[in-house]
Structures are given as structure tokens and as C-alpha cells.
Amino acid sequence: MEDKKVIKIGLMGVGTVGTGVIKVLLKNQEVIAHRIGADLEIKRVLDKDIERVSAKIKELGLNESILTSDVNELIGDPEIDIIVEVIGGIHPALEYIIKALEKGKSVVTANKDLIAAHGKELFEAASHHQTDLFFEASVAGGIPIIQSMKESLAGNQIKQIMGIVNGTTNFILTKMTKEKKSFQEVLEQAQKLGYAEADPTSDVGGFDAARKVAILASIAFNSRVTDASVYVEGITNISALDIAYAQELGYTIKLLGIAKLENEEIEVRVHPAMIPSTHPLSAVNDSFNAVFVEGDAVGKTMFYGRGAGELPTASAIVGDIISAARNIRFSARGRLGCTCFEHKRIKPIGEIRTKYYLRMVVKDQPGVLASIAAVLGNQNVSIASVIQKRISEENHAEIVLITHAVEEHSLKDAIAIISGLSSVERVENVIRVEETD
Ligand code: HSE
């Protein structure tokens, strides 16, 4: 055991999350010191704009002399044991973290972009220098999912993960459902409330969720999954009408991150999905996140909480700092290394098998339903339920179908043929239906 009385931290970034980290470390410092068996000290804080943050640092109760805009004062300081990176983005965070690992420092990061895209080189550097790289806050903010999967669930073979890992889109879909409003209307409301960014693409396009699911899938299946190999669809095509039909059929629409293992192959995707309204994920509303994990021993578990925000994210980071500090005290850095020791194939989206919801506008005339059913039948797509309704468009009707499970390429082929039928005006939407037993 290393008899360190004080473990020193270099904090990179004093935005919302960095501020939260300082607050939690100071507020709970006594109990944290007992839990580690050593004191934690924030020795240096890095920020590009010292003037902007110096008042904030003082207000938080730290001495402004610890502020620097020179990264070498953190990485090059042999007294600093742990680097906490909360500046975000790929560059220069990647270079800073690699350098810190090369110096043998433990690193704690909240940076999902970086872990999802550059996990391999980061973990190789950590392993090579026998040190720690923790990243609990990179997925679902305050929800303790990474360490749970790496440690508490390590005795399981994980079968599947389904997560609501983006608070912005969950807020939008919840509002659309409750207030029966359009996507655009609710997006504007969310932007005014600060729940959605001025450029909402990363959230509403599903890309933020894809990075988180890539990280979860890599841990779950011991095989590197980068965000580039996640199939992604966002929520911009979901209408209030789809949500109403879903409810009528007993489903809720959520943006899901899905990772499954079937026959030793990985399925990994982010898209809007209908889930039975009785599924625990359908009760996860507003900006909350939840991750549903199924293991062969534990069965089904669900982790629920705040996926973003100053203090919830800081909770995850400080937990990681404590783990890193304990490893330092017990000379056990690098104990929990990279878990990707396999190379499993990732299935292309055409090979996934699921149920589908189809909504189409057709001419209201004899034989239309039969012709659609014939196309589906020819492609081996079996129909589970059908609703037909009159709509305001003269002599037209709306048909909503739920299929039985089918491979996506067959469904896509069927839709291409259906779209070309003279009696079919347009296929309005196709949404995957996730029905796990
Ligand atoms: N933009 C994310 C969300 C939070 O809406 O959940 C940060 O990952």
C-alpha cells in the first residue's frame, strides 16, 4: 500500500461539469477522504480563459492561483496523480489525455466523443503505462452504468442493452406524447427552455446517443464498437399522428440505443422505436435517461436517473476520481483495463430482425388492402395487426400495419414495391417495433 496522505488532482475545464466536480469535491470532502483513506486536493485547474473563470474559482472556495492556461503545469507536474478532463471535444482533449497517460497519471474523463471514436488508442496507452482511464460520466451522466457493467455485472454474458441515453430527445418525445404537439413545435419550446441546443442535430439526429451506445456495446460484448459502426436514425420524422397510433396499439415511441448479441454477432443501432407501454423504459419520461441491461445470470435490470446536468455528471466523475485514488493508494493502477479482447462481427442493418409499424395513405377502393397484403406475403412479411381509418383527403384512407418479426432487407424490398402500387399514395412512416419478452 502506498502511504499517500494527499492525492492531487489536475482539473481540465471549468464549464458546467468542471464546476460541478469542484462543488462535489469540496462539499463532500470529509466523507470522500474517509472513503479513500487519503485527502483529495485540486492542485491545478486548466482553462483557456483565466479571466473568465477566476471569479468563479474564488466563489467556489478555491485559490485563484491554482488557475493556469498552460497544460504542462498539469501534465508535467509530478505531484499531480489524477487528471480530470472535462473540456470535451476530440482535440486537444485526445492529445492531453494521451500525454497524461504516458506520464503514468490516472485519467478521468466525461468525453463520450473521444471514448467512442478513440477508445482503442486511449486504452492501449493506459495499459502500456499501467494506469487508469475512467469514463463513467461519458454515458448517461449520473447513472452508474459503466462501472456496473465492468464490475458488478462482470460475471454475466450480456445479451442485450436498450437505453434511453439522450435527455433532449426523450424530453421532446415525452412532450409530443403528452401535449399532442408536432416535433417542430416541441423542439422550439425545448430550445427556449435550454433543453435543446441552437443546433440540435447531434441530439435529434441520434448521434449523441450513438456514441453512448458504442461505448456500452464495447463493454457488453468485449469487442470494440466505434460510433462509426452504429446505425443511426433520429426522431425528426416522428409525427404526433405516429405517436397517437402507437398509443392506440399499446406502444410508446422512444429514441432507443440498442445493442444485442445474437449468434456471436453484434447488433448496434439508434433509432426511434415503439416499445410496449408496459415496458419499464416506456415510463422513462422528460429528460431522464435509463439503461435496460439483460445478462444471462442477473436477468433483466434497469438503471434510471439524470443523464446530464452539473451535479449528476459530477457525481459520476467524482466516483471515478475516488476509484482512481483508491487504486493509487493500493498500488493497483490499471486494475480495470480495456475489456475489448474479442473481434465480433457487427451486423449491417439489413440483417437485423424486428417487427415494424407501417403507416401509409392509400386510395379508398376495393382490393387495396389485399394488394398490400399480397406484396408483404410475397416477401415473407407476416402481418400482426391492421388499422384502417378515413382521413380528410377525399377518397383516401390511412392504413397502419404492424408486422411480425422479419429481416429488415425483406421489409425494405416490400416497401419499395408497395410504394410503387397505383393504389398507394405514399408510405408515410416506418418505425421499428421492439418487443422483447
Ligand atoms: N445532449 C445530451 C442529452 C447530454 O441530451 O442527453 C450530454 O450527453
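This one's a predicted model, so the numbers in the text were calculated from it and none came from an experiment.

Participant: I keep staring at the sheet that holds strand β1 (residues 6–12) and nothing clicks. Help me out?
Facilitator: In a beta sheet, neighbouring strands pair by backbone hydrogen bonds and run either parallel or antiparallel. Pairing in this open sheet of 6 strands is parallel, and the strands run β3-β2-β1-β4-β5-β6 from one edge to the other. Only two strands of the sheet have a single neighbouring strand rather than two, namely β3 (67–68) and β6 (133–134). Across 5 bridges, β1 lies against strand β4 (residues 80–85) in parallel orientation. Looking at the pairing, Gly10 lines up with Ile83 of β4. Together, β1 and β2 (39–46) form the strand contacts of helix α1 (residues 16–27), whose direction differs from that of β1 by roughly 160 degrees.

Participant: Could you clarify how one ought to interpret the side chain of Ser54 in this entry?
Facilitator: Take Ser54: it is sitting in helix α3 (residues 50–60). On the basis of relative accessibility, which here comes to 16%, the residue Ser54 falls in the buried class. If near-sequence neighbours (up to four positions away) are discounted, Ser54 is found in contact with Glu64 and Leu67.

Participant: Would you mind going over the side chain of Gln160 with me for this structure?
Facilitator: By the element assignment, Gln160 lies in strand β7 (residues 158–164). For Gln160, a relative accessible area of 6% translates into the label buried. Sequence-distant contacts of Gln160, that is, excluding residues within four places in its chain, are made with Ala259, Lys260, Phe292, Val293, Glu294 and Thr436.

Participant: When you look at the site of the ligand in this model, what are you seeing that I'm missing?
Facilitator: Surrounding the ligand, one finds Lys112, Asn166, Gly167, Thr168, Asp203, Asp208, Lys212 and Ala308. At 2.6 Å, a backbone N or O of Gly167 approaches an oxygen atom of the ligand. For the ligand, an oxygen atom lies 2.8 Å from a polar atom in the side chain of Lys212. Coverage of the ligand by the protein amounts to 78% of the 260 Å² it exposes when considered alone. Those elements that place two or more of their residues in the shell around the ligand are α8 (167–179) and α11 (207–221). Here the shell around the ligand is composed, by residue class, of 1 nonpolar, 3 polar and 4 charged.

Participant: Is there a simple way to think about the packing of helix α14 (residues 368–378) against helix α15 (residues 408–419) in this case?
Facilitator: Helix packing for two helices is described by the angle between their axes and how far apart those axes are. One can describe the packing of α14 onto α15 by two numbers: an axis separation of 9 Å at closest approach and a directional angle of 150 degrees. Classed by the angle they form, the pair α14 and α15 counts as roughly antiparallel. α14 and α15 meet at a crossing whose hand is right-handed. Between α14 and α15, the residues in contact are Ile372, Val375 and Leu376 and Ala414, Ile417 and Ile418, respectively. Among the residues forming the contact of α14 with α15, the class breakdown is 6 nonpolar, no polar and no charged.

Parameters at a glance
- Residues numbered from 1 in each chain as written.
- Predicted model: local features only at pLDDT ≥ 70, side-chain atom pairs only at ≥ 80, totals over all residues.
- Heavy atoms only, no water.
- Pairing = 2+ DSSP bridges.
- Helix = DSSP H or I, 4+ residues; strand = E, 2+ residues; numbered from the N terminus.
- Contact = heavy atoms within 4.5 Å.
- Axes fitted to C-alpha atoms, helices over the stretch in contact; angles between N-to-C directions.
- Buried < 20%, exposed > 50% of the residue type's maximum accessible area, 1.4 Å probe, protein only.
- Near = heavy atom within 4 Å.
- Polar contact = N/O pair within 3.5 Å; in protein donor to acceptor, adjacent residues only side chain to side chain.
- Areas by Shrake-Rupley, 256 points an atom, 1.4 Å probe, with all protein chains shown as cover.
- Nonpolar A, V, L, I, M, F, W, Y, C, P; charged D, E, K, R; others polar.
- Parallel < 35°, antiparallel > 145°, perpendicular 65-115°, else oblique.
- Left-handed = near helix turned anticlockwise from the far one by under 90°.

Distances and angles like these do not, on their own, reveal function.
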